[in-house]
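# Chain and residue survey
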Amino acid sequence: MQTEERIQKFRVAFTRISQEIEKVIVGHADIVEGTLISIMAGGHVLLEGVPGLGKTLLVRTLSQVMGLPFSRIQFTPDLMPADILGTNIVVENPDGRRSFEFQKGPIFSNIILADEINRATPKTQSAMLEAMQERSVTAGGEVRRLEPPFFVLATQNPIDQEGTYPLPEAQLDRFFFKLVVGYPKREDLAEVLNRTTEPGRVELLQATSRQDILDMQKLVMEVPAASHVKDYAVRLVMATHPGSEFATPMTGQFLRFGSSPRGAQSLILAAKVRALLQGRFNVSFDDIAKVLLPALRHRLILNFEAEAEGITTDMILQDILEKLPAAEDAGKAGV
Amino acid sequence: MSEAEIVRRSVARARRVLILKRLWTGLWRSILAGGVMTLLWITAYKLLPVPARFFPMGFIPAAVAAAAVLISHFFRLPGQRMAAVFLDTTQGLHERLSTAVEMTGRDGSPPNPWAELVVRDAAGAVAAVKWNHLTRWSVPSAGWWGLLAMIAALGMSFVPEVRSKEFVQEEKNREIIQDNGREMVKVLKQTWSAKEDTVSVIPPEALLKDALELGNQLSRAELRKAGAIKKLDDLSGRVRDEISRLEQDPSQQRLKELASSPDGLAGNTAGEAVRKMEALRDALGNAAGKIDQMNAMQNEMESLREMAEQMKNQLGSPDSTASKQLQAAARSMEQKLSEMGLDPESINKALEALKDGDPEAFDQAMQEAIGKMEKAIEMAQALEQMEQELGKNLAEQLQRGQIAAARETLESLSEKLSDPNLSDEERQQVAADLEQAAEAAKALPQLSEALEQAAEAARQGDMEEAARQMAEAQQMLDQVMEAFQNAENLQEMLEALKRAQAGINGGRKWGRMNNGRGPGGGQGMGNGGAGGGFGTWSDGSDPLPDQRTELQDQSGMSQAELDARGLSDRDERFQNDRFSPDQIRGDLDQGGSMPSMPLKGIHIKGRSNATYQEVMSEIRDSEASTIDQSRVPRAYQQAVKSYFDQ
């Protein structure tokens, strides 16, 4: 198949998925798009928002539309790692002998909904680390590969709520995007009421297959990004490092740690997906800028001063975006 | 045209625009750099005590900075990729062009399907580029800041400088020192070069070298006021010592005395005058010095002419009594003229006219003879006057100290002695002249002895010995003259040094002093309108006050004689002489401590406000001025001078 046809197919598939999701999810177009971008780039998503905003519904709908197996794990304080990964249990063979057999946990699926992930203890949360990064699970001394595609779509309540445990930095860094789900607008809320409090059932159609998703992920990796565009992503990430040559005054004042290299990877991959969605065959500065907040906001660690003054990572990233010139070369050219 | 070619051409076009824009920006940045540097320099100049002569130099870094900034924009000119980025960012092409340029192979063809897609996309986007937007020229922010800096610099130039009085005074002093040094060197060079051409006499080389070096130091303002005065004072002291050394020579002492006489010492024109005198003597012959006799003869000639006029009718015949009487008188007159060495030709003509019985021709010849006699009388009078001025002979010239004239006369006598046709009488006369001269030159024993031996040799007819002795005497006269010239030159050098010293000390430029006198060529005493000359008298060369056409700046004038005297402006009745200092002790450097100042019983402690050199220089200046104005009797002048100069 020609590249152009593959691109066309990608756009069509993406549009169809979006349209199907819109049948269930009212509003939150940017959240839907962000989630889909993450999936196309092969990354995991952390959805943050107060309960009742449709986070779980979005993930469940997504699995339906994409035609992928779906597992939901409700994280609670008493949830144990084995409840997620699986465990060896004693089973009796037909010949009457007993042996251990690995009972797969809910992690063995293509789409994982980690609901209210920050309600579990850090020990349990960290059970997800290997699965998210290595796409494999080690249990009973045996490494078991997870079938691709593998996405973790986690939801969490704002961390200042009662009974929550903040996710460790290492785990946060493994999320491709962190999307903040806000309250719906007035008309969106009215539409939600219409759809949920009146008779009628929405029929969802499967828009893609497992193989389609894998093809789309492969296509995304092929999208070219010019060196100066990659350099922009690099400079943006470096600008989050206090004391670096690109750091802004705000970075120096309010950040304790900046983004890891995963942040730069996320920026470029997400920008590639966005470029395809925008009808281009190359990544632009604008693509990078547009995905900066969801890609990096959860990777920055604020210092005490920032927390005391109510400074958020979004503010710092906006500041960097304003102050760091995209086209450094044009500046060198004297214009 | 292929899509890759479209992209390539568009980028090339964008590159040209970008280069022009870069240079345009560079121009404004250079204005900013130059403007800021200029502003900083002018501000620094206004606030810091930077000497005025450095002010123009401060603009050099500004110009260099501006040029450097402009030139830097000619380097690292944008390449293809940069031009593509420029086009992408200014035209909103979302990095299509720059990605296409990066992905295009060296041969300009897309190497893979993705590159092909990107190039095609970029080529399509190029069609939407608004090239006219690219070529809009606007002043960049750097340009506005640059203009602002230039305006601020211009405004700052009108702000008066913040300068301390000490600094202003120091600058003024420096200017005055430079001027005096420059002029002193000029004067020294002019004086010595003139002397070299004429008498080949220069002052002691070391002193001249030092004086010129000091003058150059001053003209470069390498010395400050106190240092300059001290050095000038030191050098003046050395020159004075040298003059004193020369003056200790008795011959010089004698010559100096002679030089101060109204006749003056031999000038450079003395030789000429002597030669003129010789010529007059030759022309007059024995008639030289016989003016009375010549007057008498002229009267006789006029009487003869009158008689001939009265007896005109009787002169038709040469044998008439009247004619014979006149012929006899004419013969007698011819004889007298011949005896006096005058030309009797006109009288002979008159005699012939009488013999021819032609009274008209006689009258004409007599008129001619009277005219010649008048001329001879005038020549004799001129000779007499010159003899009075220069001395009629060697003895008199030596007596009067007319060395150059004496040298010429000696040479003339030497030539006369070497003449083979010289009569004994003339030889004896030369010997007598030499003897008299030896007597007159007693003050110069060696010269006197040489002349005496020459006279003796001449008397005995030993011409060779006489010539040798006379040559020796001439050489001695040359040495004397040279030494005197040296002293005179040193005196001139001393004057120049003193003038520079006085100028620096008094804060006056060289041109304002006019050799110790006030502006306008006069001493400046009195109402300030005095011209040249001494004291309050004008030599008439200056215009009268109402004839002056331009204003005169007299701010730099210092008229010490008009300054208030004493320590107080109080009326004398209220002044106490106990407050007049009679001793000063302690460190007298300016600003230095002055431990005590006894004032006839009262002790004042404080700090001196004048350096020793300045005070001494002022005193010497005042001393010279006082002597020049003849306030000191002639007999005491040398004593007063020695007192202050030691």
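Predicted model only: the values in this text are computed from it and were never measured. (Residues numbered from 1 in each chain as written. Chains lettered and ligands numbered in written order. Predicted model: local features only at pLDDT ≥ 70, side-chain atom pairs only at ≥ 80, totals over all residues.)

This part covers the overall build of chain B. For chain B, the count of helices and strands is 24 helices and four strands. Taken across its 646 residues, chain B has 32% of its residues classed as buried. Across chain B, the fraction of contacts at a sequence separation of at least 24, relative to all contacts at a separation of at least 6, is 65%. (Helix = DSSP H or I, 4+ residues; strand = E, 2+ residues; numbered from the N terminus. Buried ≥ 20, exposed ≤ 12 C-beta atoms within 10 Å, placed from the backbone. Contact = placed C-beta atoms within 7 Å.)

Before going further, it helps to spend a moment on the overall build of chain A. When helices and strands are tallied, chain A shows 16 helices and eleven strands. Looking at chain A as a whole, 42% of its 335 residues are labelled buried. Taking the intrachain contacts of chain A between residues at least 6 apart in sequence as the baseline, contacts between residues at least 24 apart amount to 76%.

On to the pairing of strand E1 (residues 44-48) of chain A, then. Residues and elements named next belong to chain A. The buried count for E1 comes to five of five residues, which makes it a mostly enclosed element. Side chains of E1 alternate between two faces, with His44, Leu46 and Glu48 and Val45 and Leu47 buried alike. With five bridges connecting them, E1 and strand E9 (residues 175-180) associate as parallel partners. By the bridge assignment for E9, glutamate 48 is matched with valine 180. (Pairing = 2+ DSSP bridges.)

With 20 residues of chain A in contact, the opposing surface of chain B contributes 24 residues. Those elements that provide at least two residues to the side of chain A that touches chain B are helix H1 (3-24), helix H10 (227-238), helix H13 (285-296) and helix H16 (328-332) of chain A. Broken down by element, the side of chain A that touches chain B gets its largest block of residues, three residues, from H10 of chain A. Split by residue class, the side of chain A that touches chain B holds nine nonpolar, six polar and five charged. (Nonpolar A, V, L, I, M, F, W, Y, C, P; charged D, E, K, R; others polar.)

Time to look at the sheet that holds strand E8 (residues 151-156) of chain A. All names here are of chain A. Judged by pairing direction, the sheet is parallel, and its five strands sit side by side in the order E2-E5-E8-E1-E9 without closing on themselves. Each end of this open sheet is capped by a strand with a single partner; those strands are strand E2 (70-74) and E9. Strand-to-strand twist in this sheet, taken as the mean axis angle between neighbours without regard to direction, amounts to 15°. Sheet analysis places E1 next to E8, joined by four bridges and oriented parallel. Residue leucine 47 lies in a different strand from E8, and its bridge partner there is threonine 155. (Axes fitted to C-alpha atoms, helices over the stretch in contact; angles between N-to-C directions.)

Let us look at the nonpolar core. Counting 113 residues, the largest nonpolar core has Leu153, Leu267 and Ile288 of chain A together with Val7 and Leu97 of chain B as its most contacted members. Broken down by element, the residue count for this core peaks at nine residues, all from helix H12 (residues 261-277) of chain A. When sequence neighbours within four positions are dropped, the list of residues in contact with valine 7 of chain B reads Leu97, Ala100, Val101, Val119, Ala122, Ala123 and Val126 of chain B. Core analysis: the second largest hydrophobic core is formed by 56 residues, Leu218, Ile229, Ala406 and Leu413 of chain B among them. (Core = buried A, V, L, I, M, F, W, Y, C linked by C-beta atoms within 7 Å.)

The next point concerns the pairing of strand E3 (residues 86-92) of chain A. Counting buried positions over the seven residues of E3 of chain A gives zero, only a small fraction of the element. Where E3 of chain A folds back on strand E4 (residues 98-104) of chain A, the antiparallel hairpin that results is connected by five residues, among which glycine 96 of chain A adopts a positive phi of roughly 95°.

Moving on to helix H15 (residues 345-356) of chain B. With twelve residues, H15 of chain B ought to run about 16 Å at 1.5 Å a step, and its terminal C-alpha atoms sit 17 Å apart, in line with that. Looking at the residues trailing H15 of chain B, positive phi occurs at glycine 357 of chain B, about 70°. (Expected span 1.5 Å × (residues − 1).)

So, on to unusual backbone geometry. Residues proline 148 of chain A and proline 149 of chain A are joined by a peptide bond in cis, for which omega reads -5°. Within the fold, proline 149 of chain A resides in the loop between strand E7 (142-145) and E8. Even without being a glycine, arginine 135 of chain A presents a positive backbone phi close to 55°. A positive phi angle is found at histidine 94 of chain B, which is not glycine, with a value near 55°. Assignment of secondary structure puts histidine 94 of chain B in the loop between helix H3 (80-91) and helix H4 (96-103). Residue class for histidine 94 of chain B comes out buried when judged on the 24 C-beta atoms lying within 10 Å of it.

Moving on, we get to the packing of helix H1 (residues 3-47) of chain B against helix H2 (residues 59-72) of chain B. How two helices pack is summed up by the angle between their axes together with the distance between the axes. Residues and elements named next belong to chain B. Packing of H1 against H2 brings their axes to within 8 Å, and their N-to-C directions diverge by 160°. In terms of orientation, H1 lies roughly antiparallel with respect to H2. Considering how the two elements wind past one another, H1 and H2 form a crossing that is right-handed. Counted together, Gly26, Leu27, Arg29, Ser30, Ile31, Ala33, Gly34, Met37, Thr38 and Trp41 of H1 and Phe59, Pro61, Ala62, Ala63, Ala65, Ala66, Ala67, Val69 and Leu70 of H2 form the full contact between these two elements. (Parallel < 35°, antiparallel > 145°, perpendicular 65-115°, else oblique. Left-handed = near helix turned anticlockwise from the far one by under 90°.)

Here we take up the confidence of the model for chain B. All names here are of chain B. Of the residues in chain B, 77% reach a pLDDT of 70 or more, and the chain-wide mean stands at 76. Looking at the elements of chain B, mean pLDDT is at its lowest for strand E1 (residues 593-594), recorded as 52, and at its highest for helix H7 (residues 141-157), recorded as 91. Of the regions scoring below 50 in pLDDT, residues 260-268 engages in 17 contacts with residues more than four places distant in sequence or in other chains. Considering only residues more than four positions removed or in separate chains, one finds that residues 515-550, a stretch of pLDDT under 50, has 61 contacts. Reported confidence for the predicted complex is 0.83 by ipTM and 0.53 by pTM. (pLDDT = per-residue confidence, 0-100.)

Residues and elements named next belong to chain A. With respect to the secondary-structure elements, methionine 132 resides in helix H6 (residues 128-134). Separated by 25 residues in sequence, methionine 132 and isoleucine 107 place their C-alpha atoms 9.8 Å apart. Residues in contact with methionine 132, not counting those within four places in the same chain, are His44, Val152 and Arg174.

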